[in-house]
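# Structural overview for review
Here are the chains, one letter per residue:
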Amino acid sequence: MTTERTAHRDAFSPDTASTRLHRALRVRLCEGDFTPGEVISIRRIAAEYGTSAMPSREALRWLVTEGALVFSDSRKIIVPELSHDRFHEILFARKNLETEVSRQAFANIADTDIEALERIDERINTAIAQGDLVSYMRGNYQFHFHIYRLSQSQVLLPLVEILWLQYGPSMRYICTRWGASSIADDYHREVTQALRHDDRSAFCQAIAADIEQGMLLLE
């Protein structure tokens, strides 16, 4: 598993089968690999990752406590379906928190990071052109969190991750419904151009505009 496919891990969290599985599932939820209303089976997850039932059960219950999954009854775990209002509220929270996290990250973004972001954005543009929503969602997550992790925030970054856990499945559904053509404006390019010009204000504005684009899809 590459660094881009690995979720953020606190330095003090234990490296166990359940925590590794939890991190892997967090990334998949952020990238929209699961859909709203989908039933998540403990047995299925254990089989996919070659673990016993116990690490799978622990990882899924952890995700339930984070609001990424819910119990539909005493035994069934599902991906929640978000209402229009709640999804809009998540995007509003994302805009405010992620703009601040980006501001904190700005001074830590090196030329090599900008080059990495530009490569990710090229892959995103190819995915949009090909209508490849899986690659689009994956690239979008990689692009944003490459920036956010550079903030090294111990407070805001975990909150942003929680929002993405709830955002990913519903955003994937919206993109599937409206198609890749709905992702019209390339604010990621504005992000990298602002970084090239060392313009923190334009950089933060482009991050905010990128998130606002998701809000417009709900109107």
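Before going into details, it helps to say that this report is about the structure given with it. (Residues numbered from 1 in each chain as written. Predicted model: local features only at pLDDT ≥ 70, side-chain atom pairs only at ≥ 80, totals over all residues. Heavy atoms only, no water.)

### A word on the pattern of salt bridges
- Scanning all chains against the criterion turns up 13 salt bridges.
- One salt-bridge network, held together by shared partners, links Arg 28, Asp 33, Glu 38, Arg 44 and Glu 48. (Salt bridge = Lys/Arg side-chain N within 4 Å of Asp/Glu carboxyl O.)

### Side note on the environment of Ala 194
- Examined against the element boundaries, Ala 194 turns out to sit in helix H8 (residues 187–196).
- By relative accessible area, which is 6% here, Ala 194 ends up buried.
- A sequence separation of eleven residues divides Ala 194 from Gln 205, and the C-alpha atoms of the two residues are 9.5 Å apart.
- Ala 194 has contacts with Asp 199, Ala 202 and Phe 203, leaving out every residue within four places of it along the chain. (Helix = DSSP H or I, 4+ residues; strand = E, 2+ residues; numbered from the N terminus. Buried < 20%, exposed > 50% of the residue type's maximum accessible area, 1.4 Å probe, protein only. Contact = heavy atoms within 4.5 Å.)

### Considerations on empty space enclosed by the protein
- Enumeration over the complete set of coordinates arrives at two cavities of 30 Å³ or more.
- Considering only enclosed or pocket space, the largest cavity measures out at about 90 Å³ in volume.
- Looking at the largest cavity, it is lined by twelve residues, and the ones nearest its centre are Tyr 136, Tyr 167, Met 171, Asp 210 and Gly 214.
- With four residues, the single largest contributor to the lining of the largest cavity is helix H9 (residues 200–216).
- Across the lining of the largest cavity, the residue classes break down as six nonpolar, four polar and two charged. (1 Å grid on protein atoms, 1.4 Å probe; cavity = no way out; pocket = protein on both sides within 12 Å on 5 of 7 lines; lining within 4 Å. Points joined across faces, edges and corners; volume = space filled by probe spheres on them. Nonpolar A, V, L, I, M, F, W, Y, C, P; charged D, E, K, R; others polar.)

### With respect to the packing of helix H4 (residues 84–105) against helix H6 (residues 133–148)
- The interhelical angle for the contact between H4 and H6, taken along N-to-C directions, is 55°, at an axis separation of 8 Å. It follows that H4 is oblique to H6 by the angle criterion. Counting all contacts with H4, which are made through Arg 94, Glu 98, Val 101, Ser 102 and Ala 105, the residues of H6 involved are His 144, Ile 147 and Tyr 148.
- Across the contact of H4 with H6, the residue classes tally to four nonpolar, two polar and two charged. (Axes fitted to C-alpha atoms, helices over the stretch in contact; angles between N-to-C directions. Parallel < 35°, antiparallel > 145°, perpendicular 65-115°, else oblique.)

### Side note on H8
- All of the buried residues in H8 are Tyr 187, His 188, Val 191, Thr 192, Ala 194 and Leu 195. Down the axis of H8, the sector holding all buried residues measures 160°, keeping them to one side.
- Where H8 is buried, its residues contact helix H5 (111–130), H6 and H9.
- At the C-terminal side of H8, Asp 198 shows a positive phi close to 55°. (Arc of directions from axis to C-beta.)

### Comments concerning the packing of aromatic side chains
- For the coordinates displayed, the defined rule picks out seven aromatic pairs.
- A centroid spacing of 5.9 Å and a plane angle of 5° characterise the contact between Phe 87 and Tyr 167, whose relative ring orientation is stacked. Placement of Phe 87 in helix H4 and of Tyr 167 in helix H7 (residues 156–178) is noted, with a sequence separation of 80 residues between them. The pair Phe 87 / Tyr 167 is uniform in exposure class, with both members buried.
- With centroids separated by 5.2 Å and ring planes inclined at 85°, the aromatic side chains of Phe 145 and Trp 164 adopt a geometry described as edge-to-face. One end of the pair, Phe 145, is in helix H6; the other, Trp 164, is in helix H7, and 19 residues separate them in sequence. Per residue, the accessibility class of Phe 145 equals that of Trp 164, and both read buried.
- The rings of Phe 87, Tyr 141, Phe 145, Tyr 148, Trp 164 and Tyr 167 are connected pair by pair, giving a single aromatic cluster.
- The ring of Tyr 167 has Arg 94 lying over it, and the distance from NZ or CZ to the ring centre is 4.3 Å. (Phe/Tyr/Trp six-rings, centres within 6.5 Å; stacked < 30°, edge-to-face > 60°. Lys NZ or Arg CZ within 6 Å of the ring centre and 35° of its normal.)

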